Amino acid sequence: MTPTMFPGRRARLSAVALAAGALMLSACSSGGGGGGGGDKESQGPGEDKTGSANYSIGTKADSAGPAPEVPGAKKGGTVGVLQRDAFNHLDPGQIYYSDVLTNQMLYNRTLTSYKVDDKSKVKVVGDLATDAGTSSDGGKTWKFTLKDGLKFEDGSPITAKDIRWGIERLYAPFETDGPLYIPQWLSGDGNDFRKALPEGPYDGKHLPSSVLDTPDDKTVIFHFLKPHADTPFATAMPNVGPVKAEKDTKQKYDNAPFASGPYKVGDYKVGKSLTLVRNEHWNAKTDPVRHQYADRFEISFGHQFADSTRRFLADQGDDKNALSFSNAAAPEMTEKVLGQADTKARRFVEIQPYVDYISFNTDRLRDVKVRKALAYAMPNGQIVQQMGGATAALLATNYLSPAMDGFQPTDPFGKKAKPAGDADKAKQLLQEAGKTGQEIVYAYANTDVQQKVAVVVTQALERAGFKVQKKEVDSNTWRTAIAEVKNKFDIYRSSWGADWPVSSTVVPPLFDGRQIADGAQNYGHLNNPKVNEDVDRINAIPDVKKAAPEWQKLADRILTEDVPGVPVFYNRQFSLWGSNLGGVKYHPVYGTADPTGVFVK
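To start, this report covers the structure provided alongside it. (Residues numbered from 1 in each chain as written. Predicted model: local features only at pLDDT ≥ 70, side-chain atom pairs only at ≥ 80, totals over all residues. Heavy atoms only, no water.)

### Considerations on the pattern of salt bridges
Close approach of charged atoms allows side chains of opposite charge to pair.
Now for step 1: Enumeration according to the criterion identifies 35 salt bridges in this entry.
Now for step 2: Between R290 and D127 there is a salt bridge, with its nearest N and O atoms 2.8 Å apart. Within this pair, whereas R290 is found in the loop between β10 (273-278) and β11 (296-301), its partner D127 is found in the loop between β4 (122-126) and β5 (134-136), the two being separated by 163 residues in sequence.
Now for step 3: Given the relative accessible area of 4%, R290 is considered buried.
Now for step 4: Across the pair D248 and R169 runs a salt bridge, and its minimum N-O distance is 3.0 Å. (Salt bridge = Lys/Arg side-chain N within 4 Å of Asp/Glu carboxyl O. Helix = DSSP H or I, 4+ residues; strand = E, 2+ residues; numbered from the N terminus. Buried < 20%, exposed > 50% of the residue type's maximum accessible area, 1.4 Å probe, protein only.)

### Looking at the side chain of D287
Now for step 1: Mapped onto the fold, D287 is located in the loop between β10 and β11.
Now for step 2: Its relative accessible area of 0% is what places D287 among the buried residues.
Now for step 3: A polar contact is formed between the side chain of D287 and the side chain of W282, at a distance of 3.0 Å.
Now for step 4: Beyond its immediate sequence surroundings of up to four residues, D287 is in contact with G65, P66, A67, R109, D127 and W282. (Polar contact = N/O pair within 3.5 Å; in protein donor to acceptor, adjacent residues only side chain to side chain. Contact = heavy atoms within 4.5 Å.)

### Focus on the packing of helix α14 (residues 529-539) against helix α15 (residues 544-562)
Now for step 1: Packing of α14 against α15 leaves a shortest axis separation of 10 Å and a crossing angle of 170°. Taken as axis vectors, α14 and α15 run roughly antiparallel relative to one another. Facing α14, whose interface residues are K530, V531, D534, V535, R537, I538 and N539, α15 presents A547, E550, W551, L554, R557, I558 and D562.
Now for step 2: Looking at the contact of α14 with α15 residue by residue, the class counts come to 7 nonpolar, 1 polar and 6 charged. (Axes fitted to C-alpha atoms, helices over the stretch in contact; angles between N-to-C directions. Parallel < 35°, antiparallel > 145°, perpendicular 65-115°, else oblique. Nonpolar A, V, L, I, M, F, W, Y, C, P; charged D, E, K, R; others polar.)

Written out as structure tokens, the structure reads:
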């Protein structure tokens, strides 16, 4: 439930409290950004749909297909999708950002999934499985039974051995960017789990049945090292699904994943476009979540928010049949969108499960006083305005989202009192550290919005006594660039959302020193043994309600004592689409438009 904005990694949305803005549950990041201005009634958002009370575990009946019909839906036609950033992965094993999380719903199925009703209530249901799983052994053992009639895009049956292969390939060294709950729960924390199967299944070796058992074609049994009551949420992640061994091309699978959902890859021009076409072997009777109304989805990349917003406002030609998974309405065009009468029925403004941060690279910024100075100087309120104001974001004061169980509105750096930053306090800290005039390498994506954000951030830091070297990075490679441990940047935007609503899906991935690796989400590279110990201590508390305030305390201590970054805002998604599309709704788990019921009128 990484990681937003750039579409972000959807950070983990916990069963208890969704946080993603990070886009969606999974530790994800979000794409972020909407517009500002307008009255509350016209621009929303209304009820926060990301809170833990909105989530429940569905029954076996809830898990049965087909998905409820969308009123007025028709079959046929092509849906256009305008995206700013090229997808960094199609391989479900590597997916963790909100835009690609949304995209994979069309071609990829998992053991469990999220069923969203017309009121945006979310149930975790069996997707490939007949239900959301049954546990034994105090929650250490979980059993899933596959449905009848499941098939890959070539018509071959999906069996338990395909689920096993999909999970075991996550142990391979090239699978680094996706969520790792299940392999870590099976085989060890951090990257230690890889020792159990260093090459994945590719050298003919497999996990023993005492760890992962598939006694027949319909049964998958996980034997975890510790109890995990939130397993039904973890098995809804995109990488807990089937991969056919004969079709597994390792790294090349990123360009041609073998479909289990209602669509399959028709044509893919990396960095330019992706066409998804009907998978004739998908069986609607087995699927409680997805539809197959449109003939195809034609996805194109390189559309800045202003470009996609102008096209949706003009509403001409093929753009009448287009939407965006994660592009927001351009901030500078907010008033026009809200004022144009015909957009009211084809827009939404929703609170996302993501928190945006400015991460501080603690490998390079070793003096905590310098990091504290950066935190005080950061102009949260001005950043929010550049992102689009009220329809884009809410000012954040600590690391956790209000959607998280046990959240408290702590504000240790006084961001509500001084939203433009506290330059005097920052100057004082720099002087005490003897670092007045320290140069900061500030990396940011070369999007229209982030270029504007870079101006206000640079001005604020210079007022505080820093010298700023701005480093513009291609938005198509941004996510990979900031996730490199040896990156050459001091500060950079990151975003995280809970994969499900408990803070165990936020604090460990972001701040556990054992999680530092290329592609991982400890963006500040914090490695404090005391923090690591407290992560283990709180994770061992079996009652999530009792653990919740402990996570908040730890998060606040990390923020005030270690300062590996500063929280900036909670994301909102302000979306607009063409007038000839129906069935567009908000997906509260991923924080994006939900394409699974979209149809051409």
